[in-house]
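In case you want the letters, here they are:
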Amino acid sequence: RSFTPCRAQVAVSVWGVTVDPREAAWPTEYSARVCAGEPRVASESVFHTMPVGFEFQQQQGTAPDARFGHTTTLVGGNRVVLFGGATGDVGRYTITGDTFSLDIQTNTWERINPTGDAPSPRAAHAAACVEQSQLVVYGGATGGGSLSSDDLYLLDLRIPDRTAWLPVPVQGSTPGRRYGHTMTFSKPVLVVFGGNNGQTAENDIWVLDVERSPFVWREVTVMVPTSPLPRVYHSAEVCRNGPAAGMMVTFGGRTANNCSLKDIWGLRQHRDGRWDWVHAPDKRGNPPLARFQHTSVFHSSKLLVIGGRGSEVSTPLPTAMYDTETCEWKNYPSANRFRHSSWGVGSVLYCYGGFDHRSPSAPTKDLQVLDISRASIIEDVGGGEAGQQPAEEAWEPPRNQNPTMPPTVRETRQGPQPVDAVLEAYGPRVANMVHVVNDHTDTVRQVDIATLAEEGRRLAGVAPTATANDVGGVANLTIDGLLKPSTWEPDPRPDFFLLNSDEVSQLCDEVLLVMQQEPMVLKVRAPIKVYGDIHGQYGDLMRLFGKYNYPTDGEGGDIETTDYLFLGDYVDRGNFSLEVMCVLLALKVKYPKQIHLLRGNHEDPMINSIYGFKEECKRRLREDPDEPYSCWNKFNYVFEWMPVGAVIDSRILCIHGGIGGSIENLAQLEALERPLQVAQVPQTDLEQRVTDLLWSDPTDNDNQLGVIANLTRDSDGQGRIKKFGPDRVDDFLEKNSPLKLIIRAHECVMDGFERFANGHLITLFSATDYCGTHKNAGALLFIRRDLTVVPKLIYPVNSPQTRTWDNSVTEFRPPTPPRPAAPRQ
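Small disclaimer: the values here were computed from a predicted structure and weren't measured.

**Q** Pulling in residues and values, what's your account of the overall build of the protein chain?
**A** Helix and strand counts for the protein chain stand at 13 helices and 49 strands. Summing over all exposed atoms, the protein chain offers an accessible surface of approximately 31,000 Å²; the carbon and sulfur share of this is 47%.

**Q** Mind laying out the sheet that holds strand E28 (residues 328-332), listing which residues take part and the relevant values?
**A** Within a sheet, neighbouring strands are paired by backbone hydrogen bonds and run either parallel or antiparallel to one another. Read from one edge of the open sheet, four strands run E25-E26-E27-E28, paired in antiparallel fashion. Edge positions in the sheet fall to strand E25 (295-299) and E28, since each of these pairs with one other strand and no more. The mean inter-strand angle of the sheet, taken between neighbouring strand axes irrespective of direction, is 25 degrees. Across five bridges, the pairing between strand E27 (residues 319-323) and E28 is antiparallel. Across the sheet, the residue bridging to Thr319 is Tyr332, located in E28.

**Q** I'd like a rundown of helix H11 (residues 685-695), residues and numbers included.
**A** For H11, the set of buried residues is Gln688, Val690, Thr691, Asp692, Leu693, Leu694 and Trp695. Where H11 is buried, its residues meet helix H7 (605-608), helix H10 (666-670), strand E42 (697-698) and strand E44 (722-724).

**Q** Account for the packing of helix H4 (residues 501-515) against helix H9 (residues 631-640), with residues named and values stated.
**A** Remark: H4 packs on H9, axes separated minimally by 10 Å, with the N-to-C direction vectors making an angle of 15 degrees. Of the possible angle classes, the one that applies to H4 and H9 is roughly parallel. The way H4 lies across H9 gives a crossing that is left-handed. Contacts between H4 and H9 involve Ser501, Val504, Ser505, Cys508, Asp509, Val511, Leu512 and Met515 from the former and Cys631, Lys634, Phe635, Tyr637 and Val638 from the latter. Of the residues that constitute the contact of H4 with H9, the class distribution is nine nonpolar, two polar and two charged.

**Q** Mind laying out the pairing of strand E14 (residues 152-156), listing which residues take part and the relevant values?
**A** Where burial is concerned, most of E14 is hidden: five out of the five residues are buried. The alternating pattern of E14 places Leu152, Leu154 and Asp156 and Tyr153 and Leu155 on opposite faces, both of which are buried. As judged from the five bridges shared by strand E11 (residues 134-138) and E14, these two strands associate in the antiparallel manner. Bridging from a neighbouring strand, Val136 pairs with Leu154 of E14. Summarising the sheet, E14 and strand E15 (residues 164-168) pair through five bridges and their orientation is antiparallel. What sits directly across from Asp156, in E15, is Ala164.

**Q** An account of the packing of helix H3 (residues 473-482) against helix H6 (residues 577-590) is requested, with residue identities and associated values reported.
**A** Each pair of packed helices can be summarised by the angle the axes make with each other and by the distance between the axes. Relative to each other, H3 and H6 sit at 125 degrees, their axes nearing to 9 Å. Classed by the angle they form, the pair H3 and H6 counts as oblique. With respect to the hand of their crossing, H3 and H6 are arranged in left-handed fashion. On H6, the residues that touch Ala475, Asn476, Thr478, Ile479 and Leu482 of H3 are Glu579, Cys582, Val583, Ala586, Leu587, Val589 and Lys590. Classifying every residue of the contact of H3 with H6 gives eight nonpolar, two polar and two charged.

**Q** So what about the pattern of salt bridges? Which residues, and what values?
**A** Under the criterion given, the structure shown has 31 salt bridges. For Asp263, the salt bridge identified is with Arg231, shortest N-O distance 2.8 Å. Of this pair, Asp263 sits in strand E23 (residues 260-269) while Arg231 sits in the loop between strand E20 (215-219) and strand E21 (235-238), placing them 32 residues apart in sequence. The burial state of Asp263 is the same as that of Arg231; both residues are buried. When the shortest N-O distance is used, the salt bridge between Arg268 and Asp276 registers 2.8 Å. Judged by its relative accessible area of 5%, Arg268 is buried.

**Q** Before we move on, can you summarise unusual backbone geometry with the specific residues and values?
**A** With an omega dihedral of 0 degrees, the bond running from Arg674 to Pro675 counts as a cis peptide bond. As for its position among the elements, Pro675 is in the loop between H10 and H11. Cis peptide bonds are those with omega within 30 degrees of zero, and the linkage from Ser737 to Pro738 qualifies with 15 degrees. By the secondary structure assignment, Pro738 is in the loop between helix H12 (726-735) and strand E45 (741-744). Phi is positive for Leu787, which is not a glycine, with a value near 70 degrees. Assignment of secondary structure puts Leu787 in the loop between strand E48 (778-783) and strand E49 (788-794).

**Q** Now, about the sheet that holds strand E46 (residues 753-756): what can you tell me, with residues and values included?
**A** Read from one edge of the open sheet, six strands run E36-E40-E41-E45-E47-E46, paired in mixed fashion. Edge strands, defined here as strands with exactly one partner in the open sheet, are strand E36 (521-524) and E46. Direction aside, neighbouring strands of the sheet carry axes that sit 20 degrees apart on average. In this sheet, strand E47 (residues 761-764) lies alongside E46 in antiparallel orientation, the contact comprising four bridges. Residue pairing in the sheet places Glu754 in a bridge with Thr763 of E47. Contacts from H12 reach strand E41 (652-654), E45, E46 and E47 within the one sheet, and its direction differs from that of E45 by about 120 degrees.

**Q** Any details on the environment of Val238? Residues and values, ideally.
**A** Checked against the element boundaries, Val238 lands in strand E21. In this structure, the C-alpha to C-alpha distance between Val238 and Ser296, residues 58 residues apart in sequence, is 10.0 Å. The residues contacting Val238, other than those within four sequence positions of it, are Thr184, Phe185, Ser186, Gly246, Met247, Met248 and Phe298.

**Q** Describe the environment of Ile783, and please don't skip the residues or the numbers.
**A** Checked against the element boundaries, Ile783 lands in strand E48. A relative accessible area of 0% means that Ile783 is categorised as buried. For the pair Ile783 and Asp563, spaced 220 residues apart in sequence, the C-alpha separation works out to 9.8 Å. Setting aside anything within four residues of it in sequence, one finds Ile783 in contact with Ala526, Pro527, Ile528, Val530, Ile648, Ile652, Ile743, Thr788 and Val789.

Calculation notes
Residues numbered from 1 in each chain as written. Predicted model: local features only at pLDDT ≥ 70, side-chain atom pairs only at ≥ 80, totals over all residues. Heavy atoms only, no water. Helix = DSSP H or I, 4+ residues; strand = E, 2+ residues; numbered from the N terminus. Areas by Shrake-Rupley, 256 points an atom, 1.4 Å probe, with all protein chains shown as cover. Pairing = 2+ DSSP bridges. Axes fitted to C-alpha atoms, helices over the stretch in contact; angles between N-to-C directions. Buried < 20%, exposed > 50% of the residue type's maximum accessible area, 1.4 Å probe, protein only. Contact = heavy atoms within 4.5 Å. Parallel < 35°, antiparallel > 145°, perpendicular 65-115°, else oblique. Left-handed = near helix turned anticlockwise from the far one by under 90°. Nonpolar A, V, L, I, M, F, W, Y, C, P; charged D, E, K, R; others polar. Salt bridge = Lys/Arg side-chain N within 4 Å of Asp/Glu carboxyl O.

See below:
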């Protein structure tokens, strides 16, 4: 639906496709969330003939007069709309209300004459794209010390010969008249920040929710007092990718006492609706020179600050780039402009109009471009002291998929794609770098994914050789007593457990009420952390929590910005299944919308009665597990109500086992009824689907196609448990578009995660040194807002306190061997 306001009636719309601003965080606060790599975008290619600095472009058609204080807004991918600004020489400026359109494929201008009630002529206003063919304008100055009205105007460009201006009817208070402010759009809100109200500079924030009618401006009260100084002529842009995805990032400006600024801040909205400012850190490089009357554009996760002026109007300022992943500043050639406008398409920056520092008496009408991927870095340019210590994380540039075939100029000029469009074209991707922990130095470092000893060998087809509920009582007791990522150690009393059987029973009752309200297939969103099999290894779970943050709203926690998804097999084989199970259930009770627990094949009484969990309940809870209301039976009843799948942002399917030969679509999973009991010998198609879902595995490598018997798990040869080939994965994803990736658990893999089907399926295993025999790593997958998949690893620790596998179970029921791997090529 399009936004089409009129005086009598308003249709509520969905404006644009952008990232949700409620999940962003700077790396300094959530350092474990930062990862290498960035999403591949269609416009990542470069001008292969472009020089290292800005280049002037030839323009065609009916070009605008030279001007300053205008706006240019990218709409529809390959089209830029210019509005307003001032023309003329010093002392003879004329404020305009012109509207022009630029085809950036051909650099051809066209004057637009929209119908309807147009905004008054103005400069120093703000504009933002809301749909691909719609933009809005707010505020500005009209000359002679006067300010434009506080009306919000929408320009509808959807029908080429019927473009029209429409005033947006708004009720209640507004941000008021102002100039030199910024306005951004991140679905579903417009955000106006700062500017001058005619008397003084402001630092207030106003938002308008476009999905709620009638439309109302609302002033935001940030939840902490720390915020940017009041300012005017600053810049602001929404970050679309990386750890700051969804943040409105603002830079520089001028204070009320005419001091230039060089600070950078991020504005974010939390899941509970609260807003706050985050001051961006400087870890590498020198911060740029202070400036105002500049512009900024995001290229993936990198903020580019273009032009502007400082205390000396004749001094051009370099283009500055701030990497939100590494918190590093770099400087590039100057555009030699201020009071200009700019936009970005892929790696190419565009700059139009504004004043030239060399002759600032009259504006220009030049169109300049700079390919940031080819531009020369300017060394030793900065505005002050900056620490030179290495950043905690490093950014890995994207690989060119076909470097021998550079694109044409037109191929690079594709419009910036919204998140959904990028994912539709390219899908989720695994980052080039993996995070690993050094348990001796307590540090996290990055290694190239290609250096892992086992992961991904079969991709080449090598044949194998040998928001918190207000809860109290038992949930808080469990969390307070067990959730100790940095200090937990096994109790020296092997039969001791923190909770008694009555408390465990109560916890099961509380979580059951939550799970009974959930669907069989969850719809969840990124950023999210995904965990594989834990199998009673509570020490490994605490290590992962301790090294990479954990689900709490206190220190060391990230539950306000990150969901958690667990893929099952919480119990059996390990000695601490009760700790694992109880702390996860307690977290589910406290954070029902952020903690997601799927069912694995060991969440089944027929399985966990023989692999250790039943015996652990009997011994540590001092109960008879065969009693109808025993804790063991209550746990298994909770298991029967667990969801069996989760879909992340419509692109990633998460399940425990696999798709076998019988699962063709998500509807088959959604149709499963609960409480769900697993047939040990499937007799019907439905029972076979459940067996496939919980028990099936991928084939040993990408060369093994089709559906074959899984002799490792089904040694009697009855064919109940299957292996499925990469062709099945590709066929399933194609039939269930827009799904692009399957994440599953169920199998031990030596590096904690392993790719299959040319990367379209990932196996994840979180327990280290499976059964004390495999020496494997454990991993979690952090999925960023842009759906980049970042593996985070821990390795086995050689300590008697960490050897927590149940040897009696291992002796009589040896573990399933890890997935096979061939000798390294």
